[in-house]
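Below are the chains, spelled out letter by letter.
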Protein chains: 2
Amino acid sequence: MFFENFDNVRLERQLSGNRFTASYRLFGDEKTARSVAADICAEQTVEFPVSLLPSGTIPEKIVGQIETFEREDENVYLAEISFAEELAAGEWTQFLNVLFGNISMKPRLQLIAARPSQGILDVLPGPQFGIAGIREIVGVPERPPLFTALKPMGLSADNLADLARQFAEGGVDIIKDDHGLSDQPFSPFEERVARCADAVQNVNAKTGRQAIYVPNVTAPIEKFFDRAIRAKELGAGAVMVSPGLIGLDAMRRLAEMKIGLPILAHPAWIGGFALNLPGNCPQGTSCGVLYGTLMRMVGADATIFPNYGGRFPLSREDCMGIVTASREKLGEMRPMFPSPAGGMELKNIRDMIRNYGADMLVLVGSGLFRCGDNLADNCKRFLEEVS
Amino acid sequence: MFFENFDNVRLERQLSGNRFTASYRLFGDEKTARSVAADICAEQTVEFPVSLLPSGTIPEKIVGQIETFEREDENVYLAEISFAEELAAGEWTQFLNVLFGNISMKPRLQLIAARPSQGILDVLPGPQFGIAGIREIVGVPERPPLFTALKPMGLSADNLADLARQFAEGGVDIIKDDHGLSDQPFSPFEERVARCADAVQNVNAKTGRQAIYVPNVTAPIEKFFDRAIRAKELGAGAVMVSPGLIGLDAMRRLAEMKIGLPILAHPAWIGGFALNLPGNCPQGTSCGVLYGTLMRMVGADATIFPNYGGRFPLSREDCMGIVTASREKLGEMRPMFPSPAGGMELKNIRDMIRNYGADMLVLVGSGLFRCGDNLADNCKRFLEEVS
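What you see is a predicted model; the values in this text were computed from it and never measured.

### Looking at the packing of aromatic side chains
When we look at a pair of aromatic rings, we describe it by the centre distance and by the angle of the planes.
All names here are of chain A.
Turning to step 1, where the next piece is worked out: For the coordinates displayed, the defined rule picks out 31 aromatic pairs over all chains.
Turning to step 2, where the next piece is worked out: Centre to centre, the rings of Phe167 and Phe369 are 6.0 Å apart; their planes meet at 85°, and the pair counts as edge-to-face. One end of the pair, Phe167, is in helix 7 (residues 157-170); the other, Phe369, is in helix 15 (residues 367-370), with 202 residues separating them in the sequence.
Turning to step 3, where the next piece is worked out: We classify Phe167 as buried; its relative accessible area is 0%.

Printed below as a string of structure tokens:
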């Protein structure tokens, strides 16, 4: 009655029939879970009472469709829901909106998988380097590349460059800024990147190794792309981005620009979207979707995540989900390095290798300072642990 | 021992002494809460064992400082922590990182307030129009402006323009796109914005009112700013942005560009950061910080939030927190319209006015269709409810 001039035939012609799907974990008894699944179908699309929609194509093809619904456990159900590809409008932002826009604010559900159609895969950059690309850059074909961070905040650019030199001499392959280093007066971006990149390259010239320095380029959007490009000019070997701070979409754009450097994704802020706290009914997304699938879609070549057993509360299962999503088939996208981190010590490394295999970046930050007074010795032990 | 060339005097000279603060709610017994507070001070700054820091300025001034610690309730404590202004580097992204970057991934804490120093306020746009500016644009000096949404997805640009016309004729002041409308084939951005803006302006020419059409301009970053500018050219009266999808920082930048249109913020995706689900230990941020303080800092002139009593799980207290944060003193920033939404019906309006006063945008979307068969009559009743 409200939509007299609506034309089913016209809309029908505009739909390709291609659909993408998302899976949700639903909490509650079966009746509740089925009702939540039906709610997702409408909330993420028409946001309108289905009974008031014009009959035909909108309820049949624009509203999401429950493809499968099954019991996972007591009071836990899984639903796979499909959506017309056209709803995403060929845009990452709108794709994310359909996957988990409004329902991010609803209880008793969790996004656990996203399966883009080919039309959506076509507009996402995915990793431009991936595991093989980063291995080639650092010249480490098989073992896990060694990864550490320059800190603490408050050191000068020269202090940080001196640390970078020591790490490179010690055999660390990838030396990144701590994610809190941006453009503070004590180590301004330009000066820091120049000094640290030089320090690492000078060591490489002596050792013949191919260690890289990775500055944090997260910055206000009007400076973000320029900083990444400048990092390349100054001799950085990759860039680090915190997409929670700058937007997953900005990272996607950076990947799409193909500036010639891999992107390492840091979870500051965004990690709060995938926290399964003990005793809490899960909310947000699974760790696998957030740190794995979404980061990879928008172009991360490596995803840094807080490993279990460190100072963050992820479970072993959460982390295995991230590693799987980083490397499993996802259209033609390259596999991405998972990078377990967050309070890792040398003694955790064997366990990580057992769990995740060699295709990971082992990030040990302050753990490299905690295990002895001599950084060179500590780096040597770091290398021994992965060899 | 690790930082031989570190220069305390140099660092000391680079610090102004200005500090900003953030407040956190901490869950657990007092000992646990004190330990979490101390952890925040290090995790958000040096991310390094405090015992291994070079003595002097870094532990004394770079590490966060607990300013107050008090008991709020049984096993609930409040800590206000201060940070050197320089840590934020004059950047929104890094300010957000210090407030709640890594600790977004930690349990038993919640960000409940952010109090920027003047140096940080200076780099944030805040609302460019705010409550008074929007009231002037729509010509509604006192009562709550009426606000609705064009939906469902699947309608053509002409269908949506026809709805916009009916709403404008019915006396609705602000008519926005549903947040899922971007650039789909069934109602492409350019065509939709042109038709809907024209429809509303044509009605205004007859009625003498100043209703506005507000397109959703959320889009991939390379199109986002252009869409907002184009919206202005096509006659839109404001723009809607979902900062969860595009990034809070992109919205900040848009506000800073002063394109001459107010920005209405929609919580798609980001709202999941402030969910206090019954039975769950709170995580993320309080609703007041997310929907209120942060949105306002980055330039929202109105913040749409899922009101209690609708189809989202926020409590009355959560919502009161949003309204307070939207309008309380925040440097020299203009107050922002809170806009309760999310399944509101006409019958909810009196309660909203009692709770929030007249300085809000009352968003009734599908509720305007549910309350009777005739849109004109429904709009008339909508106006009666706020008058």
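Here the narrative resumes.
### A short note on the pattern of salt bridges
Turning to step 1, where the next piece is worked out: In the structure shown here, the tally under the stated rule is 57 salt bridges over all chains.
Turning to step 2, where the next piece is worked out: Here Arg143 of chain A makes a salt bridge to Asp173 of chain A, at a shortest N to O gap of 2.9 Å. With Arg143 of chain A in the loop between helix 6 (130-138) and strand 5 (146-150) and Asp173 of chain A in the loop between helix 7 and strand 6 (174-177), this residue pair connects regions lying 30 residues apart in the sequence.
Turning to step 3, where the next piece is worked out: Notably, a salt bridge pairs Arg227 of chain A with Asp183 of chain A, separated by 3.7 Å at the nearest N-O pair. Highlighted residues: Arg227 of chain A in helix 9 (residues 221-233) and Asp183 of chain A in the loop between strand 6 and helix 8 (189-207), separated in sequence by 44 residues.
Turning to step 4, where the next piece is worked out: The exposure class of Arg227 of chain A is buried, given its relative accessible area of 7%.
Turning to step 5, where the next piece is worked out: Through salt bridges with shared partners, a single ionic network connects Lys151, Asp178 and Arg311 of chain A together with Asp39, Glu43, Glu47 and Lys106 of chain B.

### As for the interface of chain A and chain B
How large an interface is tends to be reported as the accessible area lost when its parts come together.
Turning to step 1, where the next piece is worked out: Tallying the contact residues gives 95 residues for chain A and 95 residues for chain B.
Turning to step 2, where the next piece is worked out: Between chain A and chain B, the buried area comes to about 8,300 Å², and carbon and sulfur atoms account for 61% of it.
Turning to step 3, where the next piece is worked out: Considering only the side of chain A, the residues that lose the most area to chain B are Phe2, Met105 and Trp269 of chain A, jointly responsible for 11% of the buried surface there.
Turning to step 4, where the next piece is worked out: At the junction of chain A with chain B, the criterion picks out 10 salt bridges.

### Concerning the relation of the copies chain A and chain B
Turning to step 1, where the next piece is worked out: Mapping chain A onto chain B calls for a rotation angle of 180° and an axial translation of 0.0 Å; the resulting RMSD is 0.0 Å. Within this description, the copies of the chain are treated as partners about a two-fold rotation axis.
Turning to step 2, where the next piece is worked out: Looking at the interface residues of chain A, 100% of them are also at the interface in chain B, so both copies use one shared face.

### Brief notes about the pairing of strand 1 (residues 19-27) of chain B
Residues and elements named next belong to chain B.
Turning to step 1, where the next piece is worked out: In terms of burial, strand 1 is largely enclosed, as 7 of its 9 residues are buried.
Turning to step 2, where the next piece is worked out: Sheet analysis places strand 1 next to strand 3 (residues 76-84), joined by 9 bridges and oriented antiparallel. The residue bridging Thr21 from the neighbouring strand is Ser82, located in strand 3.

### Overview of the sheet that holds strand 12 (residues 362-363) of chain A
Residues and elements named next belong to chain A.
Turning to step 1, where the next piece is worked out: Here 4 strands make up an open sheet; going across it, the order is 7-6-5-12 and the pairing parallel. A strand with exactly one partner marks an edge of an open sheet, and here the two such strands are strand 7 (212-214) and strand 12.
Turning to step 2, where the next piece is worked out: As judged from the 2 bridges shared by strand 5 and strand 12, these two strands associate in the parallel manner. Counted as the bridge partner of Phe147 is Leu363 from strand 12.

### Observations regarding the domain arrangement of chain A
Residue and element names in this part refer to chain A.
Turning to step 1, where the next piece is worked out: Domains assigned within chain A are domain 1 (8-121) and domain 2 (130-386).
Turning to step 2, where the next piece is worked out: Computed from C-alpha atoms alone, the centre-to-centre distance between domain 1 and domain 2 is 34 Å.
Turning to step 3, where the next piece is worked out: Taken together, the contacts link 17 residues of domain 1 with 19 residues of domain 2.
Turning to step 4, where the next piece is worked out: Across the domain 1 to domain 2 interface the summed buried area is about 1,300 Å²; carbon plus sulfur atoms make up 77%.

### A short note on helix 12 (residues 287-297) of chain B
Turning to step 1, where the next piece is worked out: Of all 11 residues making up helix 12 of chain B, 11 are buried, and the element is well covered by its neighbours.
Turning to step 2, where the next piece is worked out: Listed in full, the buried residues belonging to helix 12 of chain B are Cys287, Gly288, Val289, Leu290, Tyr291, Gly292, Thr293, Leu294, Met295, Arg296 and Met297 of chain B.

### A short note on the environment of Ile58 of chain B
Turning to step 1, where the next piece is worked out: Following the sequence through the fold, Ile58 of chain B ends up in helix 3 (residues 57-62).
Turning to step 2, where the next piece is worked out: A relative accessible area of 0% places Ile58 of chain B in the buried class.
Turning to step 3, where the next piece is worked out: Spatially, the C-alpha atom of Ile58 of chain B lies 8.0 Å from that of Asn8 of chain B, the residues being 50 residues apart in sequence.
Turning to step 4, where the next piece is worked out: Ignoring any residue separated from it by four or fewer positions in sequence, one finds Ile58 of chain B in contact with Pro152, Met153, Gly154 and Leu155 of chain A together with Phe6, Asn8, Leu11, Val46, Leu53 and Val63 of chain B.

### Examining helix 7 of chain A
Because the α-helix completes a turn every 3.6 residues, residues three or four places apart line up on one side.
Residue and element names in this part refer to chain A.
Turning to step 1, where the next piece is worked out: Helix length check: helix 7 (14 residues) gives 20 Å between terminal C-alpha atoms against 20 Å at 1.5 Å per residue, within 8%.
Turning to step 2, where the next piece is worked out: The set of residues buried in helix 7 consists of Ala157, Asn159, Leu160, Ala161, Leu163, Ala164, Phe167, Ala168 and Gly170.
Turning to step 3, where the next piece is worked out: For helix 7, the elements touching its buried residues are strand 5, strand 6, helix 8, helix 15 and helix 16 (375-386).

### Examining the state of the cysteines
Turning to step 1, where the next piece is worked out: The final tally for this structure, using the stated rule, is 0 disulfides over all chains.
Turning to step 2, where the next piece is worked out: Looking at Cys196 of chain A, it has no disulfide partner, and the nearest cysteine sulfur is the one in Cys379 of chain A, 15 Å off.
Turning to step 3, where the next piece is worked out: A relative accessible area of 0% places Cys196 of chain A in the buried class.
Turning to step 4, where the next piece is worked out: Free cysteine: Cys287 of chain B, not disulfide-bonded; nearest cysteine sulfur from Cys319 of chain B at 6.8 Å.

### A short note on the pairing of strand 11 (residues 337-341) of chain A
All names here are of chain A.
Turning to step 1, where the next piece is worked out: Summarising burial for strand 11: 5 of the 5 residues are buried, a large majority.
Turning to step 2, where the next piece is worked out: Here strand 11 shows a buried face lined by Phe337, Ser339 and Ala341 and a second buried face lined by Pro338 and Pro340.
Turning to step 3, where the next piece is worked out: Sheet topology places strand 10 (residues 302-306) next to strand 11; 5 bridges connect them, and they run parallel. In the sheet register, Ala302 faces strand 11, and the bridge partner there is Phe337.
Turning to step 4, where the next piece is worked out: Between strand 10 and its parallel partner strand 11, the chain crosses via helix 13 (residues 316-327), and the hand of that crossover is right-handed.

About the criteria used
- Residues numbered from 1 in each chain as written.
- Chains lettered and ligands numbered in written order.
- Predicted model: local features only at pLDDT ≥ 70, side-chain atom pairs only at ≥ 80, totals over all residues.
- Heavy atoms only, no water.
- Phe/Tyr/Trp six-rings, centres within 6.5 Å; stacked < 30°, edge-to-face > 60°.
- Helix = DSSP H or I, 4+ residues; strand = E, 2+ residues; numbered from the N terminus.
- Buried < 20%, exposed > 50% of the residue type's maximum accessible area, 1.4 Å probe, protein only.
- Salt bridge = Lys/Arg side-chain N within 4 Å of Asp/Glu carboxyl O.
- Contact = heavy atoms within 4.5 Å.
- Buried area = accessible area lost by both parts, 1.4 Å probe.
- Least-squares fit on C-alpha atoms with pLDDT ≥ 70 in both.
- Pairing = 2+ DSSP bridges.
- Domains from an automatic or database assignment.
- Expected span 1.5 Å × (residues − 1).
- Disulfide = S-S within 2.5 Å.
- Right-handed = clockwise from strand over helix to strand, strands pointing away.

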